[in-house]
Each structure stands twice: as structure tokens, then as C-alpha cells.
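Residue strings, one per chain:
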Amino acid sequence: MSPAPPPVESTIDGLRARLDAERAAGRTVALVPTMGSLHEGHLALVDRAAALADLVVVSIFVNPLQFGPAEDYDRYPRDLTADLAALSGRGVSVVFAPTLAEMYPRGPINTRVSAGAVGEILDGASRPGHFDGMLTVVAKLLLIAGPDVAVFGEKDAQQVFLVNRMVADLDVPTRIDVVSTVRASDGLALSSRNAYLSTEQRAAALALPGALAAARAAAEAGAALPAALEAALAVLDAAPLLELDYVAVVDPATFRPAEPDFTGVARALVAARIGATRLIDTQLLHLG
Ligand code: PAF
């Protein structure tokens, strides 16, 4: 017999009451924030959460604040039944799946978290307002669930940087834990948006991990940052169907573009459009 799906809470008061009772009994809470359309990458976050706390809360909410007007909010895949089936038997205590009206009962929100200057570069330059919207809903989720730890995926590296900054800047008493990117056997980073890709587009998407691997190989062979970036660009330039948004190397401490003579561990990032689908990927590089 297949395991039962986890229980669902759709109200803030219901979730708080449930978690308050657990905390009163001395149990710790881990939160995995998601927008649903769960894949093995999300399940790796859930497994990590289960190892870190007594209770695992998975939130499923497609947050309109983090989508631009021309983005895929309306067509973003939503299938709660499939998500609950994917979470069955994974040690999830409760799924928090609020409606739009539950999260934003007064309509357009008045108060937002600002992601600051790092929120305006790289993904933030292509997606104005995205990181403010993302941080606003993450702040709400942290305030609603009050978790001891919240678990995020490394693939969204700029998101992780900004969530860490928000938690530090606002003294939020939640530890942020990061899980390595889960990849398909051909190297493509798992993403809910991969579902949009045709077979041909998916093959083209392999240029993203390919470019990062080329940069990494160049760095491992002793290349400095500009040559490592060139190696990545050569792969991206040769790829069909791909419209490059950016390829960059940042200092992980600041998320600012690393200087050409940077040495140590840097983060390479790439974003590209394939048809109407925007994909991102990232890898650490050891320079010098
Ligand atoms: O990474 C995501 O899926 C979203 O940005 C998050 C953190 C769930 C906030 O909506």
C-alpha cells in the first residue's frame, strides 16, 4: 500500500496552531518553501529538512509578487494532488498550501522587503521586482511558520544570498540551510520550468551546465577568471536556440562581479532563454 499523503493546512491560523502545539512539546520545525510542481530537487530539500528538525513543513504557494507582468505566473504548473503524492512517505508533517486571498487578504500588498542593490543585478536586472517579491513572501512564510531552519536549493544562488542577507539584516531567528543542485543524468539542473521545454529545446539547454563545466575545467587547468568566462561563452555561443541573458562570475561573499584577478572560490552563474523559457544554473569555481 502506498503511503498516505501529508495533511494540508490552507490557513495561517491553522498552521500556527498546529506548530505552536508541537513547539510547546519541545519539537523543532524545518520549513521548505516551494511553489509546487515538485521534482527530485525539492525532495532533496525535504530530505535535508527531515534530517535537521523534528517536523517538516513544506509550503506550496505560487507567489504573484515575484513574477513580472510578462512572466509565466498564469501558466506556472500547479498540481497539488501530484505534489502531495510526491511528498508521501517523505516524513513531511504538514503541507502549507494557502490561497492567494489567505496570503494577500487586503489585495495588492503595501509593505515589501527590499532586496537592495544585489536584487537589481543579474537575475534582478532581467526580472525587475522579482527579488523584492520573493523576499516579501519568504519573510511572510518565516513569520507564519517560525521555523528553526529553512531549506533552499543552491541553483537559486542569488535568492539564497538575498535570503541570508534578509535573515541577518532583520535578525530573523531562522537558520538558512542550502542543498546542492540536483541534476538529471545528462547534467541539466532540475527545475519546474524544464517541463516547458520541447525535446529539441531541452537538448539546447544542456549548454548551461556545459558552459559552467567548461569554466570549471579551465579554472582547474589554471586559467584566470577572464579565460574561464571565455570558455563558458564559447559553449553558449555555439548552442542553438539559446538566447543568453548573462554569464558571470561573482564573489560569493558579496555577490558582486569578481575582479579579473580574483583568486579563491568564486561562483559562476548563467541565465538564458530557450524559446519562452528562462533557465538558470550555477557552479562554484576554484580560481588561482
Ligand atoms: O524558490 C522558489 O521556489 C521561490 O522563490 C520561493 C522561495 C518558494 C518563494 O516563493
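Residues numbered from 1 in each chain as written. Predicted model: local features only at pLDDT ≥ 70, side-chain atom pairs only at ≥ 80, totals over all residues. Heavy atoms only, no water.

Within an unreviewed UniProt entry, the label attached to the protein reads Pantothenate synthetase, and the organism entered is Microcella alkalica. As its UniProt record puts it under Pathway (unreviewed entry), the protein is described as follows: "Cofactor biosynthesis; (R)-pantothenate biosynthesis; (R)-pantothenate from (R)-pantoate and beta-alanine: step 1/1." In its Function (unreviewed entry) section, the UniProt entry covering the protein states "Catalyzes the condensation of pantoate with beta-alanine in an ATP-dependent reaction via a pantoyl-adenylate intermediate." (UniProt positions renumbered as here; feature names shortened; annotations may be inferred.)

Participant: How would you sum up the packing of aromatic side chains? Please name residues and give values.
Facilitator: Aromatic ring pairs: the centre-centre distance and the angle between the two ring planes describe each pair. Scanning the entire structure with this criterion turns up four aromatic pairs. Residues phenylalanine 67 and tyrosine 76 carry aromatic rings whose centres are separated by 5.8 Å and whose planes lie at 75 degrees to one another, so their mutual orientation is edge-to-face. Grouping residues by exposure puts phenylalanine 67 and tyrosine 76 together as buried. Summarising the aromatic geometry, the rings of phenylalanine 161 and phenylalanine 255 are spaced 5.3 Å apart at their centres and angled 45 degrees between planes, so their arrangement reads as tilted. Remark: phenylalanine 255 occurs in the loop between strand E7 (242-250) and strand E8 (264-274) and phenylalanine 161 occurs in helix H7 (residues 157-169); sequence separation between them is 94 residues. A relative accessible area of 3% means that phenylalanine 255 is categorised as buried. Cluster of aromatic residues (ring-pair linked, three or more members): Phe67, Tyr73 and Tyr76. One Lys or Arg, arginine 75, reaches over the ring of tyrosine 196 and ends 4.0 Å from the middle of that ring. The ring of tyrosine 73 has arginine 78 sitting right over it, with the charged end atom 4.8 Å from the ring centre. (Phe/Tyr/Trp six-rings, centres within 6.5 Å; stacked < 30°, edge-to-face > 60°. Buried < 20%, exposed > 50% of the residue type's maximum accessible area, 1.4 Å probe, protein only. Helix = DSSP H or I, 4+ residues; strand = E, 2+ residues; numbered from the N terminus. Lys NZ or Arg CZ within 6 Å of the ring centre and 35° of its normal.)

Participant: Lay out the sheet that holds strand E9 (residues 277-287) in plain terms, naming residues and giving numbers.
Facilitator: Pairing within the open sheet is antiparallel, and its three strands lie in the order E7-E8-E9. With one partner strand each, in any of the chains shown, E7 and E9 form the two edges of the open sheet. In this sheet, adjacent strand axes meet at a mean angle of 15 degrees when their direction is disregarded. As paired strands, E7 and E8 are joined by eight bridges and run antiparallel to one another. Each bridged residue has a counterpart across the sheet, and for leucine 244 the counterpart in E8 is alanine 272. The strands touched by helix H10 (residues 225-238) are E7, E8 and E9; relative to E7, the strand with the most contacts, the crossing angle is about 165 degrees. (Pairing = 2+ DSSP bridges. Axes fitted to C-alpha atoms, helices over the stretch in contact; angles between N-to-C directions. Contact = heavy atoms within 4.5 Å.)

Participant: An account of the site of the ligand is requested, with residue identities and associated values reported.
Facilitator: Looking at the ligand, the residues that line it are Pro33, Thr34, Met35, Gln66, Met134, Val137, Val138, Phe152, Asp156 and Gln159. Within the side chain of glutamine 66, a nitrogen or oxygen atom sits 2.6 Å from an oxygen atom of the ligand. Here an oxygen atom of the ligand sits 2.7 Å away from a polar atom, N or O, in the side chain of glutamine 159. Against a free-state accessible area of 290 Å², the protein chains account for coverage of 89% of the ligand. Those elements giving two or more residues to the shell around the ligand turn out to be strand E2 (29-34) and helix H6 (130-145). Per-element accounting of the shell around the ligand gives the leading share, three residues, to H6. Tallied by class, the residues present in the shell around the ligand amount to six nonpolar, three polar and one charged. (Near = heavy atom within 4 Å. Polar contact = N/O pair within 3.5 Å; in protein donor to acceptor, adjacent residues only side chain to side chain. Areas by Shrake-Rupley, 256 points an atom, 1.4 Å probe, with all protein chains shown as cover. Nonpolar A, V, L, I, M, F, W, Y, C, P; charged D, E, K, R; others polar.)

Participant: Which residues make up the side chain of threonine 181, and what are the values?
Facilitator: Along the polypeptide, threonine 181 turns up in the loop between strand E6 (175-179) and helix H8 (199-205). For threonine 181, a relative accessible area of 18% translates into the label buried. Engagement of the side chain of threonine 181 in a polar contact is seen with the backbone nitrogen of lysine 155, the distance being 3.3 Å. Not counting residues up to four positions away in its chain, the partners in contact with threonine 181 are Glu154, Lys155 and Ala189.

Participant: Before we move on, could you go through the pairing of E6 and cite the residues and values that matter?
Facilitator: Pairing geometry for strand E5 (residues 149-153) and E6, over five bridges, is parallel. Bridge pairing links valine 151 to aspartate 177 in E6.

Participant: Outline the packing of helix H9 (residues 207-220) against H10, listing residues and values.
Facilitator: The description of two packed helices rests on the angle between their axes and on the distance between the axes. Running from N to C, H9 and H10 point in directions that differ by 150 degrees, and their axes come no closer than 7 Å. Comparing the axis directions of H9 and H10 gives the class roughly antiparallel. Taken as a pair, H9 and H10 cross one another with a handedness that is right-handed. Side by side, H9 and H10 meet where Ala207, Gly210, Ala211, Ala214, Ala215 and Ala218 of the first sit next to Ala228, Ala231, Ala232, Val235 and Leu236 of the second. For the contact of H9 with H10, the class distribution of residues is ten nonpolar, one polar and no charged. (Parallel < 35°, antiparallel > 145°, perpendicular 65-115°, else oblique. Left-handed = near helix turned anticlockwise from the far one by under 90°.)

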